[in-house]
Structure formats: structure tokens, C-alpha cells
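Understanding the architecture of this molecule
Okay, here's what each chain looks like letter by letter:
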Amino acid sequence: MSTFDALRGQLLAAAETFSGGAGALSDILTGMVDDVDRMLREDLEIFPVCHHSPASALAMALRLRDKRPKVVYLELCEDLRPLLEELRNCRLPVALQAFATQLDGFPAGSGPLSVVAPVTEASAEYQAIAYALDTPDVELVLVDRSVDHVFQWEPGASDGPAKSGNDAGSEPEDLDEHGEEAALHGDSVGVEIGDLRPRFAELEAHLLHHGKVRHWSEWWDQYVEQPLTGADYDTYRQAMALIGSLFRRLRPAQDDRLAIDEERERYMWTRIREHLAISGADPADCLYVCGAFHAVSEITEFGLTSDAAPYTITPRTGTRWLYGLIPSSHSAIEAQFGLAQGSVSIAAATWAKAIRRAGATPYRLKGQQDRRARAKAVKAAPPAVAGPARDRLAGFLATPPVLDDLDEDELRGWCVDIVRLARRNGYLASTADAIAVFETSILLAGLRGRARPAPYDFADAAVTCIEKDAVPGRRDVRRLCEILLGGDRIGVVGYEALPPLARDVYDRLEPLGLDLSRRTQQRVLLDLKADPELEPCSDVLWKLRYLLPDDAVRPIMGARRLGERPIQESWDLAIGRHQRSIIELGYEGVTVEQVLEQRLRRKVWEPRATAGDALAAVEDAILYLGSRRFADELGNRAVELLAAERTVDDAPEVLRRIRRLLAHFRATQPELPTWCEAFVTAGYAHYCTLLPTAFADDDTGLRQVGAMLGFLFTLESLALALGCDRAQLELAIRQSHPEAPAKVALLWAAKTQLGLLPRDELRARCDELLANPLVVPAFPLYLSGFVQALEPVPALAPFVVEALSKAFARLPDSVLLPWLPTLITTLRRHAQELVPVLVREAGRTFPGNLAELDGWTPPWERPAVPARRARPAAVLSGPVAALLARHPQACDTVAALLACPAEWPDVDGPELGGAEVRELLARHHATTDAIAALLCD
């Protein structure tokens, strides 16, 4: 007879009673029993688990001490095996991570790829890891697919990485409810052991409705965790396998994940058979730890005696994966795998209570960091002798759950503590609220069929009785309950387990005297003048400021700009809170300088890079790396990008940065770098070529055209000195024919700068516009163009002040008032460039106090000053005049530069060798001596 013949008969009878005859229900029920029977008959002992299950962890700890296996096969990515030794240097929870940025074999644009596998102390996988690593002569073998295959096998691999691993179908909770700790895993794909959750949405909704709970985690705790926590090993094993079979059979008809699960199962059984064949281990001394869903697999490759054809494992891609440990937290695990908020913290509290009740000692890695004292070790029991499997399911399913007596002391302590915690956080809670929470918890437990209130009942009661209103900025009561029941534990990766870059950062910041592993924000003051040995720390902090999130390293006082070095700096550091970011920097390089250089190089060589991006990279390279070679490399790339651009959208950024860089190089170096000269000449020709098109194109903004003119006018002298032709600029201005009023005004300003349009004619044109009733509504647009012209033509500031004054004096309110917001926003947006010039000129133009305002007349309304009568030219006489008249070449040259006519009257004077001339040369002989010395040499 089979072990489960009696149970099979009972289930068939129940199916006939409920369904009216044999059918789908009987097939499902008997199939579930067959799955459990097949698992028990397997020569290799299979241990079904559920991830982060206290019942699984307790059963694992007890079974390992009882069986003491020699080989443990664990369902975990096989290439994560080297990381397990580093768990000794960490404080749980942490996550094993595989990271790849340079992809080979995956679609372009799908990176970076990242996989995390969280590990908590209240998990069966950690118990197996700790046992295997700390027990001599025990081998731990990871048999699941590699992280490379995780992405190879995803259905959407052609469109980029999938959302998650085992739990791709679940929707995570709102991340905002979990706080910043929920983002510790980032957008990594999560893999865990034992994903047990209905894949049929209607089934899950049915179970939640009839279980009178809100979330799957609460249903699992009530109907699985609590009954199995105190069960014996055989009962636990059979019940967990039965649940896995139930969810496997009650799945949607079109379940895309089933094919991936079956591929994983073939992969794992293939790796197990390969290891047994190589090592020669006895299956009786081995233990296979896998999820309950995989423990009852129906594939033909299941088991050691399978006669199926050999399974061929596909090769990995050429992607180079980097491995490490990152901090994790209960909230991060809940958010990534769609668990209820606080469920992992409750599981940790349940685990601690279960091991105390069972009197068991869990396995913990030697050297493991922990805030609590380690439990005392107990003497291991002798190994158990395997016997025939007995039916434990029939009794377990037929016996009603044993209801624990109400633990009033524990519940009373919870109620008192939550009231105290609520008062600390601003709630008006009192002893009456503690009594109400106590009574409501018992009431809710009774409504949900529980004799003893669970933590979920207590949390619901606390929210009902204490949180009477929601106040922004105040912690909600449910979060306070999580803190009370164990809190959101956040892991820390120890120094020895950090990658070289992270350790280098910690070493270089050691002179600050801070505990960088703390998650709290720390303030540090650097007096670089009094303590110059802290300058390397300042350099590291500025580089981390560039590479890490904004709130990881935040400067309070001090700035790093071109040509500036502060003598004091103040920083807010939260490096411990962003340990994951620093660890992931270690996947990109060995030092922060190398990572920074790689990122800058990648920034300027990406397809969408612009000349402004390249100039920004040059500036960052000078500020943070101080490498002239690397800055020149980025500068040459900026020249290439500028010459290849077909639009001028980036012109304002280019102008602002190239001005700053030129000023820096002129102040710090004897000559400009070659790439700067090439950039100015290329930009001059480039913008001259695009200027007519930019004036006529409606899609090109006024700011962009003004920036182009600013580049051409402000850098004109340098461009001409480097060989550019000014005729190209004049030709571009003459070929420009804009239609928009603002661009027309900007063109007039450019012509005035070039001397093509006199200032008086420009003033006459503006006065004509104000006098024309048809053009008056558009006159503010012309003014916007003149305001933008202040940057390329700052000498036009007096005229702009005049034009604005006339506009405010003559324009009607119906035209002026709608334009004022545009003027204000324009000046506010460009306050650094335009406002100082405009305010300075207005200060020179308008009176300085109110008393002078009444009698003040604007300069443009004052009568013209009559021209002065030209004084007659002085008559040249004397020996000096005669000397200059006989040799006029030098004077004619100076007159030509000053645009003055050179007229020489006839002068009768002494000859060049006269006594007066000789006396003059003798008195001022320095020039003559210098020429004589030059000729003699």
C-alpha cells in the first residue's frame, strides 16, 4: 500500500461530495497527494521552504542538527557562491549582488543589469549557509541558474531587463510608505528561495476574503506559519510540499513563468547529478533545499533515477559580471517582493519567539556582526536514523488548529509601549487608549478566528484607537508598530567585505575621525588653512559629491569653482546610509578617480553628447582630477562635437562655459591650450555659418541667437588673432533677414556693434515704431530683443535703458501690463548676465535720490549741445617741429590709426644737425643709446 492511500480515499470522497462526481476537483486533490508522495520517495532528501519564513528557518535549524548532512544543495544562483564567505563580515540583512554595465549578448540599451538575493537571519537559506560554512567537511553547492541565465530566460529579455525574478507577477507596495530604506535594492532583479504565492489572482482574492485579512503576508502567517511553527519535521515537510503542489496546480492556463520554473528545475537537477557523479557523495548524506513550488516538480528530469535525456545547459553570454554585497533592509525586501509593510519585521520577531519556545539554537556564522548577544551553543544530538515515511497530512488536515491561550502579558506590554511611543511622536495618547488597543486587539482576533491576537491584529487596533487624524510630517501609527515589534533592521556590509574602492574611500576619510558605518547624518568642519593635511579628505568628498546621490555628501559651507579654493568647508555626511552606492562604485573601478574619469569619458562619447556637455566635462576634470592630459582629451572632443552640431540649442551653455574656461586658463597658464584655440576658431566659423538660418528659423529661440552673437562678439578679438576673417561675420549679418520683432531688434543691435547701423539711426527707428499705432502692440517684443542684446553688445546698455524708459512712459497700460511678466521672468532667468549691466547703466542714468527727481530731465530729451568751434591748429615751430616735419612717417601712422587727417605746414627750421637738436638728443639720450646698443650687437 502507498503511504497516502487513506488520505487519497478521503479526498476522493470529499471531491465526489462537493462536485457531484469525479472530475477536475478529484484530479487536483489526488494529484496533490501524488506530488507529496513522489517527493518523499526520492532518494535525495528534499527540504521545501518558503522565503523569509520563520517556520522554515526553525525546521531547517532542527533538521540540520538532527541529520547533519555532508552536502547541502541550495537553490541559489551558482555564481554567487564566492560571496557567501563574506557574510561573516556583515550585519544582516544584506543582499548578494551581481552587477554588469558592459553587456555582451544582451540588447543594446538594456543595461546596467543587476541581481540581488537578500539574506536575513530568519530564513532557511541562511541557516543552511551558516551550517555548511562553519561545519568541517560539509560542502555547500549552489545549483540554481547563473545570474546571466536570469536575464537570458526572461520573456521580455529582448526589450530589456524584467521587473523582478521569482516574484515578477506581484505588485510591490507604494515605495513612499517604506521610506528611503525601501530603495536599498534600487531597480535590481530579486531572486529568493521559495516563492509561495498564488499565481491565480482570483484564488488569492478568495483566500484573503474568507480569511478576513487584507494582505497575503497576513494570510500566510495565520494559516501556515503559526500552525507549522511548532510542528514536527515530517508534518512540516509534507504540509509545505502540499501547499507548493496546490499553487502549482491552481495556476492560470497561460502562465509564462511556468516554463522558466521548469527550466530552472531541470538546471538544478542536472547540477545535482553532475556533482554526485564527480564527488561520489552518498545521496543519503545530502540535503536539497529548494522552494516548495520546485519540490513537487512534474518534469521528467525530476529525481536522481530519472531516465530522461540529458539536459543541455546553454552557455553564458560574454557579459562580465561583478559580484559583491550591498546593505538590505526589511522594507527593501517587502517593497521588492510585494510583501505587506512590516511583514518581514514581524517574521523576525516570530522567529526569535519560536527559537525561545523550542529551546533551539540557530546557526550563525562565526564572526557575524550583530547588535544582540550571541546565543549559547548546545551539544549536537546524534544523527537520526532514516525510517519509512508516515502519513502526517491526514491528521494535520483533519485536526483543527491548536489555539494558544491569550498571552495577556505580551499584549499588555505592546499596548503600553505603543502608547508611550505614540506620545513621543506627537499623538495625544493616554492610558485609556492603551486599554482600548488591548480590547480591540482581542476583538479583532476573535472576528478573524484567532484566539490569540497576532501582531497584525495589534497593529490594526492601534491604528483604529490612536491614529484619529493624519498629520503631515508625523510618523503613522502602523510605522510605530513596526518599530515596536522589531523595527526595520538595516544591514551593514563590513569593511573586509567591501570592494577595494569602498575600502579606499574609508581609509582616505579616516583622518576625519568619523564612524562612516553609521546611518545617521554627521556634520564635519574642515579648516584647510589650520589643518592642511585634511585637503586630501576634501578632495575625496568633492569627488564623492559628484558620484553619489545628493544627500549622501552635502556641502554646507564652501564651494569648488574654477580659480577658487575655500579655506573652510562644512559637510553633512550620510555615507553609511548610502553604502550600497559606494559599493556599486567599486564595480566600475578601483578608485574614485578612475570611476570619475570613466564617467566623464562616457559622458562625452555617448551618442547624444553635445559641445556643452563636453565643456562641462572639461571643467569637472579640472576641478576634481587636475589632469591636464585628460582635460585636453575632453576639450578635443568638444571641438569635434561643436563642428558636428546642426542646431544651436546648446549655444547659451557653450558660451557660458567657454568664457569661464578661457578666463581660468588665462589666469593660471602662460598660454591657452591648443584645443581652446581650435574651439574658438571652429565656433566662430560654425556660428557665422548658422547665424542666418537661426535668425529666420522660428524654432530657434531668442536666447540661442543672442548666445551665438555673444560668442561671435565677445571672442572676436581672440578669433581674429587666431586667423579668422571678420568679413565672414559681416556677411552673415547682412544675409540675416528675421521676421520676428525680437530677432529684428537683436539684428539691429548686432549691426550697431559692427558699425553697419549708427546709434542715431537705431534711435530714430525705435522712435518711429513708438509713433506708429499699428506697431505699438508689438513694441514690447522689440524691447525683449534689445534686452537679450545686452549680453552680446553690452555697450548698448544706455540705449536699452532709454528704450525701456520711453516704453514705460508712452505705451498704454493695455500693451505694457501684459508684457511685464515676460520682462520679469526674462530678467530673473538671466539675472547673472543681464541684470548687472542694466542696473549699472540705470544707476548712471537716473538720479540718486528723490529730491533730484522733480527737476531731472532724461538725457535723451535734453537739447543738443552746440558743436564746439574747432581751434586752429597750432603752428609748428622750432627744431623739434622741423625734425618731425622732415620725417613724418611715424606721425602719419599714428594719425591713420586715430582716423585723423595728417596736415603738415611748411616749416623753416634748422637742419637736423643744428645745435638745438644736438642739445635735445644729448639731454634725452636713452633712446639713442638703446638703438646704438642694438646695432652694435
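Residues numbered from 1 in each chain as written. Predicted model: local features only at pLDDT ≥ 70, side-chain atom pairs only at ≥ 80, totals over all residues. Heavy atoms only, no water.

Once that is clear, we can look at the overall build of the protein. In terms of helices and strands, the protein carries 39 helices and 13 strands. Evaluated residue by residue, the protein yields a buried proportion of 51% over its 937 residues. Looking at the protein alone, contacts between residues at least 24 apart form 76% of all its contacts between residues at least 6 apart. Total accessible area on the protein is roughly 45,200 Å²; 54% of this is exposed by carbon and sulfur atoms. (Helix = DSSP H or I, 4+ residues; strand = E, 2+ residues; numbered from the N terminus. Buried < 20%, exposed > 50% of the residue type's maximum accessible area, 1.4 Å probe, protein only. Contact = heavy atoms within 4.5 Å. Areas by Shrake-Rupley, 256 points an atom, 1.4 Å probe, with all protein chains shown as cover.)

Glancing now at the nonpolar core. Ranked by internal contacts, the top residues of the largest apolar core, which has 197 residues, are L96, L509, F679 and F786. Among the elements that take part in this core, helix 26 (residues 674–696) stands out by supplying eleven residues, more than any other. Here L96 is in contact with L76, L80, L83, L84, L87, V115, V116, A117, V119, G324 and L325, once residues within four sequence places are set aside. (Core = buried A, V, L, I, M, F, W, Y, C linked by side-chain atoms within 4.5 Å.)

As enumerated under the stated definition, the model contains 47 salt bridges in all. The residue R560 makes a salt bridge to D539 at a minimum N-O spacing of 2.9 Å. A residue pair is termed long-range when its members are at least 10 positions apart, and R560 in the loop between strand 12 (553–557) and strand 13 (568–573) and D539 in helix 20 (residues 535–547) qualify at 21 residues. By relative accessible area, D539 is classed as partly exposed at 24%. One salt-bridge network, held together by shared partners, links E619, E653, R656, R657 and R660. (Salt bridge = Lys/Arg side-chain N within 4 Å of Asp/Glu carboxyl O.)

This part is about the environment of Q568. Topologically, Q568 is positioned in strand 13. Each C-alpha atom of the pair Q568 and L526 lies 5.6 Å from the other, and the pair is 42 residues apart in sequence. Dropping the residues within four chain positions of it, Q568 is found in contact with L526, D527, M557 and G558.

Bringing the side chain of E584 into the picture now. In this structure, E584 sits in helix 21 (residues 579–585). E584 gets classed as buried once you look at its relative accessible area, which sits at 13%. Here E584 is in contact with Q97 and F99, once residues within four sequence places are set aside.

What follows covers a negative patch on the surface. On the surface, D649, D697, D698, D699 and E739 cluster together into a patch of negative charge. Within the element layout of this structure, D649 appears in the loop between helix 24 (628–644) and helix 25 (651–668). (Patch = residues over 30% accessible without salt bridge, like charges linked within 9 Å, V, L, I, M, F, W, Y side chains within 5 Å. Lys, Arg positive; Asp, Glu negative; His and termini not counted. Charge placed at Lys NZ, Arg CZ, Asp CG, Glu CD.)

Quick look at the packing of aromatic side chains now. This structure, assessed with the given rule, holds 17 aromatic pairs. For the ring pair W748 and Y782, a centre distance of 5.9 Å and an interplane angle of 20 degrees mean the geometry is stacked. Separated by 34 residues along the polypeptide, W748 in helix 30 (residues 741–754) and Y782 in helix 32 (residues 779–788) bring together distant segments of the chain. Three or more aromatic residues joined by ring pairs make a cluster, and in this case those are F665, W675, F679, Y687 and F711. The positively charged end of R38 is found above the aromatic ring belonging to F302, 5.6 Å away from the centroid. Against the face of Y363 rests R65, its NZ or CZ located 4.2 Å from the ring centre. (Phe/Tyr/Trp six-rings, centres within 6.5 Å; stacked < 30°, edge-to-face > 60°. Lys NZ or Arg CZ within 6 Å of the ring centre and 35° of its normal.)

This paragraph deals with unusual backbone geometry. The peptide bond linking L92 to P93 adopts the cis configuration, its omega dihedral lying at 5 degrees. With respect to the helices and strands, the residue P93 is situated in the loop between strand 3 (90–91) and strand 4 (94–100). The phi dihedral of R68 falls on the positive side, at around 50 degrees, and the residue is not glycine. Here R68 is to be found in the loop between helix 3 (54–67) and strand 2 (71–77).

Taken in spatial order, the four strands make up an open sheet running 1-8-2-6, and their pairing is parallel. Two strands bound the open sheet, and with one partner strand each, they are strand 1 (45–49) and strand 6 (139–144). In this sheet, neighbouring strand axes are inclined to one another by 30 degrees on average, regardless of whether the strands run parallel or antiparallel. Note that strand 1 and strand 8 (residues 286–291) share five bridges and pair parallel. Paired with I46 across the bridge in strand 8 is Y288. Sitting on the sheet, helix 3 touches strand 1 and strand 8, and the angle it makes with strand 1 is about 160 degrees. (Pairing = 2+ DSSP bridges. Axes fitted to C-alpha atoms, helices over the stretch in contact; angles between N-to-C directions.)

A few words now on the sheet that holds strand 11 (residues 522–527). With antiparallel pairing, three strands are arranged side by side in an open sheet as 11-13-12. The sheet is open, and its two edges are formed by strand 11 and strand 12, each paired on a single side. On average, each strand axis in the sheet is tilted by 25 degrees relative to the strand beside it, whichever way the strands run. The pairing of strand 12 with strand 13 spans four bridges and is antiparallel.

On to the packing of helix 12 (residues 330–337) against helix 13 (residues 343–358). Helix 13 packs onto helix 12 with a crossing angle of 125 degrees between their chain directions and a minimal axis gap of 8 Å. In terms of their interaxial angle, helix 12 and helix 13 are classed as oblique. Only S343, V344, S345 and A348 of helix 13 make contact with helix 12, whose side of the interface consists of H330, I333 and E334. Partitioned by chemical class, the residues of the contact of helix 12 with helix 13 number three nonpolar, three polar and one charged. (Parallel < 35°, antiparallel > 145°, perpendicular 65-115°, else oblique. Nonpolar A, V, L, I, M, F, W, Y, C, P; charged D, E, K, R; others polar.)

This paragraph deals with a nonpolar patch on the surface. Together, L525, I556 and M557 make up an exposed nonpolar region whose accessible area comes to about 270 Å². The residue M557 is located in strand 12 in this model.

What follows concerns helix 16 (residues 431–447). Compared with an ideal rise of 1.5 Å per residue, which puts 17 residues at 24 Å, helix 16 spans 25 Å between its outermost C-alpha atoms and is within 8% of the ideal. Buried within helix 16 we find D433, A434, V437, F438, T440, S441, L444 and A445. Here the buried face of helix 16 lies against helix 15 (408–424) and helix 17 (455–466). Phi turns positive, to about 80 degrees, at G449, one or two residues after helix 16. (Expected span 1.5 Å × (residues − 1).)

Here we take up the side chain of R637. Among the secondary structure elements, R637 is positioned in helix 24. Other than its neighbours up to four places away in sequence, R637 contacts V604 and W605.

It is worth spelling out the pairing of strand 6 at this point. Most of strand 6 sits out of view: five of its six residues are buried. Two strands pair when backbone bridges link them, and strand 2 and strand 6 are joined in this way by five bridges, in the parallel orientation. The partner of Y73 across the bridge, within strand 6, is V141.

Moving on: the environment of W860. Secondary-structure assignment places W860 in the loop between helix 35 (835–845) and helix 36 (878–886). W860 has contacts with V801, E802, S805, K806 and T845, leaving out every residue within four places of it along the chain.

It is worth spelling out the confidence of the model for the protein at this point. For the protein, the average pLDDT comes to 80, and 83% of its residues sit at 70 or higher. For residues 157–178, every residue scores under 50 in pLDDT, and the model assigns this stretch 52 contacts once sequence neighbours within four places are set aside. Low pLDDT, under 50, characterises residues 371–387; the stretch is placed with 21 contacts to residues that sit more than four places away or in other chains. (pLDDT = per-residue confidence, 0-100.)

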